[in-house]
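Fold and geometry: a report
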Amino acid sequence: MRNIEIKNQKLSIRNKFIISGALLGISGILFIISRFVPNFSDIYYKYVYLTLVNTIGRVFSLFPFSVYEMILYGFLLLIIFRITIYVFLRFNRKLFIKEILIRALSNLLMYIAIFIFLNMITLGVNSFRTDFVTSTGLKIEGGSEEKLIILCENFKEKLNELDDNVKRDENGLLKLDENVKENGIESMKNLGSIYPDL
């Protein structure tokens, strides 16, 4: 019975290394293609990324918190839990240091591979898209540090002028209207109709 458990554990560790390698390989291939194949990132954005956003993204938007952060915290707790188990098994002489290191390495590699893969399919490929200014044909004048300082000062003056119009609660903090979410969605839709690349 003990031999079957050891065999299954080795198979599981082997599978983790295989899956990790596959995820890292796919991530690497996506990176190379995105970097060196013209327009691949634009096509990926149009047909893959937008599909991900409009399906998985819509589901996750139902939660009032960052699901990605919760997954990160979950993995952190899982790592702490596994370390505790490894320490317990080591002190009970059920595992040797070598076995603990192999298990820990396979788990760590798996976590790293998953997060690299998730970041590549959501953010990595898109970082090589045609930039917004080029895709929309916006004209940009030459900028300078002086112009930026003037612009910031103008913003500051305008904000100070509008400060009295801001609704505040009893603590003096910004009080949002109840329909701010709907206004934000409507504004993004309007921007999307002006700039389809958004």
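Structure report, in brief. (Residues numbered from 1 in each chain as written. Predicted model: local features only at pLDDT ≥ 70, side-chain atom pairs only at ≥ 80, totals over all residues. Heavy atoms only, no water.)

**Points about the layout of surface pockets**
Under the convention used in this document: The pocket and cavity definitions rest on a 1 Å grid over protein atoms only: a 1.4 Å probe that fits but cannot leave marks a cavity, an open set with protein on both sides within 12 Å along at least five of seven lines marks a pocket, and residues lining either have an atom within 4 Å of a point. Grid points are joined across faces, edges and corners, and a volume is the space filled by probe spheres set on the points. What counts as a helix is a DSSP run of H or I of at least four residues, what counts as a strand is a run of E of at least two, and both are numbered from the N terminus. Charged means Asp, Glu, Lys or Arg here, nonpolar means Ala, Val, Leu, Ile, Met, Phe, Trp, Tyr, Cys or Pro, and polar covers whatever is left, Gly included.
By volume, the largest pocket is sized at about 840 Å³. What lines the largest pocket is a set of 23 residues, among which Leu-52, Val-53, Ile-56, Gly-57 and Phe-60 lie closest to the centre. Mapped by element, the contributors of at least two residues to the lining of the largest pocket are α2 (40–60), α3 (67–91) and α4 (97–124). Sort the elements by how many residues they give to the lining of the largest pocket and α2 lands first, with 10 residues. Across the lining of the largest pocket, the residue classes break down as 15 nonpolar, six polar and two charged.

**Re the side chain of Lys-16**
To keep things clear, this is the line we draw: Only protein chains enter the calculation, and the probe is 1.4 Å; a residue is then buried if its accessible area is under 20% of its type maximum, exposed if over 50%, and partly exposed in between. Contacts between residues were defined by any pair of non-hydrogen atoms, one from each residue, lying within 4.5 Å.
With respect to the helices, strands and loops of the structure, Lys-16 is situated in helix α1 (residues 2–36). Classification of Lys-16 by relative accessible area gives buried; the value is 18%. When residues no more than four places from it in sequence are discounted, the contact partners of Lys-16 are Arg-82, Ser-106, Asn-107 and Met-110.

**Thoughts on the packing of aromatic side chains**
For clarity, the threshold we go by: Two rings belonging to Phe, Tyr or Trp (six-membered ring only in the last case) form a pair when the distance between their centres is within 6.5 Å. Interplanar angles under 30 degrees mark stacking, angles over 60 mark edge-to-face geometry, and anything in between is tilted. Put simply, a charge is over a ring when the Lys NZ or the Arg CZ is close to the ring centre, within 6 Å, and near the line of the ring normal, within 35 degrees.
Considering all chains together, one arrives at seven aromatic pairs under this definition. A ring pair is formed by Phe-40 and Tyr-44, whose centres lie 6.1 Å apart and whose planes are at 35 degrees; its orientation type is tilted. You can see Phe-40 and its partner Tyr-44 sitting in helix α2, four residues apart, about one turn around the helix. Ring centres of Phe-75 and Tyr-111 lie 4.9 Å apart, and the angle between their planes is 50 degrees; this geometry places the pair in the tilted category. Residue Phe-75 is found in helix α3, and its partner Tyr-111 is found in helix α4; the two are separated by 36 residues along the sequence. Of the two residues examined, Phe-75 and Tyr-111, each falls in the buried class. Among the aromatic side chains, those forming a connected cluster through ring pairs are Tyr-68, Phe-75, Tyr-111 and Phe-115. For the cation-ring pair, Arg-35 lies above Phe-36, with the distance from its terminal atom to the ring centre recorded as 5.4 Å. Between Arg-129 and the ring centre of Tyr-45, over which it is positioned, the NZ or CZ distance is 3.6 Å.

**Examining α2**
Defined as follows: Two axes enter the bend calculation: one fitted to the seven residues ending at the residue in question, the other to the seven starting there, and the bend is the angle between them.
By the largest-angle criterion, Lys-46 marks the main kink of α2, which is about 40 degrees. Every buried residue of α2 is listed here: Ser-41, Tyr-44 and Tyr-45.

**Here's the deal with the packing of α3 against α4**
Just so we agree on the cut-off: Convention adopted: a line fitted to C-alpha atoms gives each axis, helices being fitted over their contacting stretch, and angles between N-to-C directions are expressed from 0 to 180 degrees. In this scheme, roughly parallel covers angles under 35 degrees and roughly antiparallel covers those over 145, while 65 to 115 is roughly perpendicular and the rest are oblique.
Where α3 contacts α4, the axes come no closer than 10 Å and their chain directions differ by 175 degrees. Here α3 is positioned roughly antiparallel relative to α4, judged by the angle of their axes. Taking contact as the criterion, the partners of Tyr-68, Ile-71, Leu-72, Phe-75, Leu-78, Ile-79, Arg-82, Tyr-86, Leu-89 and Arg-90 in α3 are, on α4, Ile-97, Ile-100, Arg-103, Ala-104, Asn-107, Tyr-111, Ile-114, Phe-115 and Asn-119. Here the residues of the contact of α3 with α4 sort into 14 nonpolar, two polar and three charged.

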